[in-house]
Amino acid sequence: MMLTNQIRCWQPFIGPFDPCKPMLVKTFVTPPNLFIPFQPPRLPQFPPYEALQKGTLWPLFFSPYDCRQQ
Amino acid sequence: MQKPLDDAYYRLLCELQTADFVLVELSLFLDTHPQDMEALRQFNQFEQKRQQLAAQYELQYGPLLQFGHSFSRYPFQWVETPWPWQV
Amino acid sequence: MWIYEKKLQYPVRVSKCDPRMAKFLIEQYGGSDGELAAALRYLNQRYTIPDKVIGLLTDIGTEEFAHLEMIATMVYKLTKDATVQQMEAAGLGAHFANHNRALFYENAAGVPWTAAYIAAKGDPIADLYEDIAAEEKARATYQWLIEMTDDVDLQDGLKFLRQREIIHAQRFKEAVEILKAEKDVKKVF
């Protein structure tokens, strides 16, 4: 139910005189709300305690974020 | 006056936060889906559950609300610690 | 009227003494996309927005105050017992000179909060688009904050707040859909 890939990547232009070691790939997040115009009824739900921990009642809207993904 | 904050305190507080969180989510959902009967039914069901949990919490740890929405023993319990950011 | 509830919305834990992080977290306390700006923005828009979405603005605005208290709790815990030396080393020397350990509505760079952070256009679509943008900007800020700490307990609270921004953005988008519909809508998918 969870949208699997919420990460988008792009490859920035690398200039010959860039002073820092180039980051070949840069990423950003596209959270699920971007893809759902209006929440449909009767979506599956997390159990209450898991909902609190996740920050939403609905798995469809859950967007994990880990600092290592950047 | 410093009350001991044992495991039971944190467990009950978390149960209340859990029920209240479901209610927050359903509140916002119902704000844009006022015709969703099933969500409203779930909302009312959790409202009952949160009332029981809140009553139990207030009995043991003092009032959650001021301005006459919670009862208090003597002396007036509202002013007692801990405050939410202290626990 | 508002009634204060003597509990946090979410159990906030901070397990590392790191006043440096308090300086960065202040961005979400008194910054342009912070929780104070969010709460005041939505509650202020209520008076001129179409009746159908006043309930939503009221509820999200109210939840933002709960988030403001969570951020305050994090900053409070991170600075409560910090020495002057620790505050200075954390880049909070200038803050200490003016405010000691008091919280102040300022951003991470020490710029005081201003009402200029809040647009109020009086056009429902413009205002709701502003709200959606505000939620996405706050989500991004939480991502940068999560990357700036290795305290998993602090990250846990920040991840909760980040997820709430996503839900709020979703509801504001739905509010736009409700206003776009010409007649009373039942459901729009």
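Residues numbered from 1 in each chain as written. Chains lettered and ligands numbered in written order. Predicted model: local features only at pLDDT ≥ 70, side-chain atom pairs only at ≥ 80, totals over all residues.

Undergrad: Got a minute to help me understand the overall build of chain C in this structure?
TA: Helix and strand content of chain C: 8 helices and 0 strands. For chain C, whose C-alpha radius of gyration is 18 Å, the value lies close to the compact-globule estimate of 16 Å for 189 residues. If one aligns the C-alpha atoms of chain C with their principal axes, the spans along those axes are about 65 × 30 × 30 Å. The 189 residues of chain C split such that 48% are buried. Contacts in chain C between residues far apart in sequence, at least 24 positions, make up 76% of those at least 6 positions apart. (Helix = DSSP H or I, 4+ residues; strand = E, 2+ residues; numbered from the N terminus. Rg over C-alpha atoms; globule rule 2.2 N^0.38 Å. Buried ≥ 20, exposed ≤ 12 C-beta atoms within 10 Å, placed from the backbone. Contact = placed C-beta atoms within 7 Å.)

Undergrad: Even after reading the chapter, I still don't get the interface of chain C and chain A, so can you show me in this structure?
TA: You'll often see interface size given as the accessible area lost when the parts meet. Tallying the contact residues gives 19 residues for chain C and 17 residues for chain A. Residue assignment for the side of chain C that touches chain A shows that the elements contributing at least two residues are α7 (124-147) and α8 (152-180) of chain C. Top contributing element to the side of chain C that touches chain A by residue count: α8(C), with 12 residues. Class assignment for the residues of the side of chain C that touches chain A results in 8 nonpolar, 3 polar and 8 charged. (Nonpolar A, V, L, I, M, F, W, Y, C, P; charged D, E, K, R; others polar.)

Undergrad: Got a minute to help me understand helix α3 (residues 35-45) of chain C in this structure?
TA: In an α-helix, one turn spans 3.6 residues, which is why side chains three or four residues apart end up on the same side. All of the buried residues along α3(C) are C:Glu35, C:Leu36, C:Ala37, C:Ala38, C:Arg41, C:Tyr42 and C:Gln45. Its buried side turned inward, α3(C) meets α2 (27-30), α4 (54-79) and α7 of chain C.

Undergrad: For this particular structure, what's the right way to read the nonpolar core?
TA: What tends to happen in soluble globular proteins is that the nonpolar side chains get buried as a cluster. One finds C:Leu25, C:Tyr29, C:Met70, C:Ile71, C:Met74 and C:Val75 to be the most contacted residues of the largest nonpolar core, which totals 61 residues. Apart from residues lying up to four places away in sequence, C:Met70 is in contact with C:Leu8, C:Gln9, C:Tyr10, C:Val12, C:Gly157 and C:Leu161. (Core = buried A, V, L, I, M, F, W, Y, C linked by C-beta atoms within 7 Å.)

Undergrad: What is the right way to look at the environment of C:Lys159 in this model?
TA: You can see C:Lys159 is positioned in helix α8. Linking C:Lys159 and C:Gln143, residues 16 residues apart in sequence, is a C-alpha distance of 8.0 Å.

Undergrad: So what exactly am I meant to see when it comes to the interface of chain B and chain C here?
TA: Counting residues at the interface gives 18 residues for chain B and 24 residues for chain C. When the residues that make up the side of chain B that touches chain C are grouped by side-chain class, the tally is 11 nonpolar, 6 polar and 1 charged.

Undergrad: I tried to follow unusual backbone geometry on my own but got confused; where do I start?
TA: A negative phi angle characterises most non-glycine residues, just as the trans form characterises most peptide bonds. With omega at -10 degrees, the peptide bond leading from B:Tyr74 into B:Pro75 counts as cis. Looking along the chain, the bond that leaves B:Thr81 and enters B:Pro82 is cis, with omega of 5 degrees. For B:Phe67, which is not glycine, the phi torsion reads 65 degrees and is therefore positive. Position of B:Phe67 among the secondary structure elements: in the segment after α2 (37-61). Given 10 C-beta atoms within 10 Å, B:Phe67 falls into the exposed group. Despite not being glycine, C:Asn100 shows a phi value in the positive range, around 55 degrees. Mapping C:Asn100 onto the fold places it in the loop between α6 (93-99) and α7.

Undergrad: Which parts of the structure should I look at to understand the packing of helix α1 (residues 7-32) of chain B against α2(B)?
TA: When two helices pack together, you describe them by how their axes are tilted relative to each other and by the distance separating the axes. All names here are of chain B. In contact at an axis separation of 9 Å, α1 and α2 are set at 150 degrees when each is read in the N-to-C sense. By the criterion of interaxial angle, the relationship of α1 to α2 is roughly antiparallel. Along this stretch, α1 crosses α2, giving a crossing that reads as left-handed. Tallied by class, the residues present in the contact of α1 with α2 amount to 18 nonpolar, 2 polar and 5 charged. (Axes fitted to C-alpha atoms, helices over the stretch in contact; angles between N-to-C directions. Parallel < 35°, antiparallel > 145°, perpendicular 65-115°, else oblique. Left-handed = near helix turned anticlockwise from the far one by under 90°.)

Undergrad: Any chance you could explain the confidence of the model for chain C here in plain terms?
TA: One rule of thumb: low pLDDT means the predicted coordinates there are not for detailed reading. On average, residues of chain C score 96 in pLDDT, and 97% of them are at 70 or above. As a predicted assembly, this complex carries a pTM of 0.95 together with an ipTM value of 0.95. (pLDDT = per-residue confidence, 0-100.)

Undergrad: Help me understand the packing of α1(B) against α4(C), please; the structure alone is not making it clear to me.
TA: Two elements in contact, α1(B) and α4(C), have axes whose closest approach is 9 Å; the angle formed by their N-to-C orientations is 155 degrees. When the axis of α1(B) is compared with that of α4(C), the two are roughly antiparallel. Of the two elements, α1(B) crosses α4(C), and the hand of that crossing is left-handed. Along the contact surface, α1(B) presents B:Val24, B:Ser27, B:Leu28, B:Asp31 and B:Thr32, while α4(C) presents C:Gly55, C:Leu56, C:Asp59, C:Ile60 and C:Glu63.

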